[in-house]
Amino acid sequence: MIHDFGIVWNERGLLMSGLANTALLSVIAAVVSLLLGAALAPAMMSRRRAVAGAARAFVDAMRCVPFLLFAYIVYYGLPSLGINFDNWSAGLAALMLYNTAYMAEILRGAWAAMPREPIEAGTAFGFSGVRLFRRIILPGLVLSAGPVVGNQLIQIIKDSAFLTIIALPELTHAASSIQSRYYVPFAAFITAVALYWGLCLVVEGGVNVLRRLADARR
Amino acid sequence: MNALPHPVLNVVGVSKSFGALKVLSDISFQVGKGETVCVLGPSGSGKSTLLRCINWLEKPDAGHVYLNGEPVGVTSAGVVMNDHRLSQIRTRIGMVFQHFALWPHLTVLQNLIEAPLQVQRRPKAEIHEEALALLAKVGLEDKRDAFPARLSGGQKQRVGIARALAMRPDLLLFDEPTSALDPELVGEVLVVMRDLAHEGMTMVIVTHEMAFAREAATRVLFLDRGRMVETGTPDQFFSRPATERARQFLQRYAAEAVTAQR
């Protein structure tokens, strides 16, 4: 057993590059899906029925598709419609689009639950447009939605493991290639799990900071 | 009512409906510099809506609002102002809300500084100094670094008043500032408002505090079902109301008035 972990240790370069790719995929997907979600959330709350309906339909449809199937469709399905991606673009696009739906729904819920009066006070004190959103609405959203967004980040990190099926060299892919080359499944996979756990701890650390800030203001 | 030569606020023929419900019908009045005008009337008479039409938190269906002679909301050419222009005007009209509406993510001091710094873009040192002076004025210097959630209702509303004053407004609007407070906390807020009245702050106050209106107001407006039924000095209104509606209204508040005169 110790010998098996020794083999994994010898391949640490491969694991580390997998870990770096997983982190990179997750960070890009998280940032982009949060931004797209922030743009989609107001659309879901739009007074124009068609806009709200279309946004709502996208979000509901996305949330009901298993991520693995969605990744298959983007990478293997779309080329038959003439849309071709390399595995990096396909993987990133799948992660981003899929999580945009979740982020939009999280932000919409938090926004709808925000008390109306402080926002109105912002308007009365001369805030409008982007400044009103950035100075008055967004801080409240970050504080109230922070923990749920953090939870979704962990989901993104774990979902990125599915991208091994389209041969993206991320952490799961690295672990499984080590195990198939040396037949050390337990050591390889346990090491990968520990590394995923480490990534999630970083996210949770961030969430805890936000939670403390929010508690002081509640 | 005599027209004032240079009113701070001039409201001309403002009407507002919500769907089929006519909330305000053709309301006109003026507020001169240093006046404390109390808007009285039963619940649902349109008092709060009238206040919210002054700074265009509600868009009036008809009529005009002028601040120091300048139109609010609609330009003199009759065009609805863009958000930026309207926002500039709103910085000169302070507002105090029934449920305080403090910004929960900011400390007390930051609540005072936020709009002068971000919207008015005045020098930071000057804003800071004024904000501290205002907190001293409302008796909350020691709460400067507290978050609003940690304050009592009375303290929150005093911060709300200080926040509005930090804008150096030409006009201060109060929307039932003591209605959400426990009875024992009403006094500390009224004391601050009374001081402002004596210092000559120009104010329009929607309130159910009859004793306060009687003592501190320079003029009283009485609204009923969206119409301005009566206006006059507090002495006229409370001692010799001209209309039956005002008499009925005052009778219901008589017990309260007696308590306050003690």
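What counts and how
Residues numbered from 1 in each chain as written. Chains lettered and ligands numbered in written order. Predicted model: local features only at pLDDT ≥ 70, side-chain atom pairs only at ≥ 80, totals over all residues. Domains from an automatic or database assignment. Contact = placed C-beta atoms within 7 Å. Helix = DSSP H or I, 4+ residues; strand = E, 2+ residues; numbered from the N terminus. Nonpolar A, V, L, I, M, F, W, Y, C, P; charged D, E, K, R; others polar. Axes fitted to C-alpha atoms, helices over the stretch in contact; angles between N-to-C directions. Left-handed = near helix turned anticlockwise from the far one by under 90°. Core = buried A, V, L, I, M, F, W, Y, C linked by C-beta atoms within 7 Å. Buried ≥ 20, exposed ≤ 12 C-beta atoms within 10 Å, placed from the backbone. Pairing = 2+ DSSP bridges.

Things to note about the domain arrangement of chain B
All names here are of chain B. According to the domain assignment, chain B consists of domain 1 (9–92 + 171–261) and domain 2 (102–169). Taken together, the 13 residues of domain 1 in the interface contact 13 residues of domain 2. Listing elements by their share of the side of domain 1 that touches domain 2, those giving two or more residues are β7 (171–175) and α6 (183–199). If you tally residues by element for the side of domain 1 that touches domain 2, the top one is α6, at four residues. Taken together, the residues that form the side of domain 1 that touches domain 2 break down as eight nonpolar, two polar and three charged.

A short note on the packing of helix α3 (residues 49–63) of chain A against helix α5 (residues 87–113) of chain A
Residues and elements named next belong to chain A. Contact geometry of α3 with α5 gives a least axis separation of 9 Å together with a crossing angle of 120°. The element α3 and its partner α5 pack so that their crossing is left-handed. Contact residues: F58, V59, M62 and R63 in α3; L97, Y98, A101, Y102, A104 and E105 in α5. Across the contact of α3 with α5, the residue classes break down as eight nonpolar, no polar and two charged.

Here's the deal with the nonpolar core
Residues and elements named next belong to chain B. Within the largest apolar cluster, 82 residues are counted, with the highest numbers of intra-cluster contacts made by V39, I54, L135, A162, L173, M203 and V204. In this structure, this core is formed jointly by two domains, domain 1 (9–92 + 171–261) and domain 2 (102–169), each of which donates at least three residues. Not counting chain neighbours up to four residues away, the residues in contact with V39 comprise K47, L50, V204, I205, V206, L221 and L223.

Structural notes on the sheet that holds strand β3 (residues 36–40) of chain B
Residues and elements named next belong to chain B. With mixed pairing, six strands are arranged side by side in an open sheet as β6-β7-β8-β3-β9-β10. Taken across any chain shown, the strands that pair with only one partner, and hence form the sheet edges, are β6 (93–96) and β10 (227–232). Adjacent strand axes in the sheet meet at a mean angle of 20° when their direction is disregarded. With five bridges connecting them, strand β9 (residues 219–224) and β10 associate as antiparallel partners. From the neighbouring strand, L223 faces β10, where its bridge partner is M228. Across the sheet, helix α1 (residues 47–54) touches β3, β6, β7, β8 (203–206) and β9, and the angle it forms with β8 is around 150°. Here helix α5 (residues 153–165) sits on the sheet and contacts β6 and β7; the angle it forms with β6, its principal contact strand, is near 175°.

Side note on the environment of Y72 of chain A
One can find Y72 of chain A in helix α4 (residues 67–77). Measuring from C-alpha to C-alpha, the distance between Y72 of chain A and A94 of chain A comes to 9.1 Å, with 22 residues separating the pair along the chain.

A few points about the interface of chain A and chain B
The interface is formed by 20 residues belonging to chain A together with 23 residues belonging to chain B. Counting residues per element, the ones that place at least two in the side of chain A that touches chain B are α6 (116–124) and α7 (129–159) of chain A. A total of seven residues in the side of chain A that touches chain B trace back to one element, the largest contributor, which is α7 of chain A. The class makeup of the residues in the side of chain A that touches chain B is nine nonpolar, five polar and six charged.

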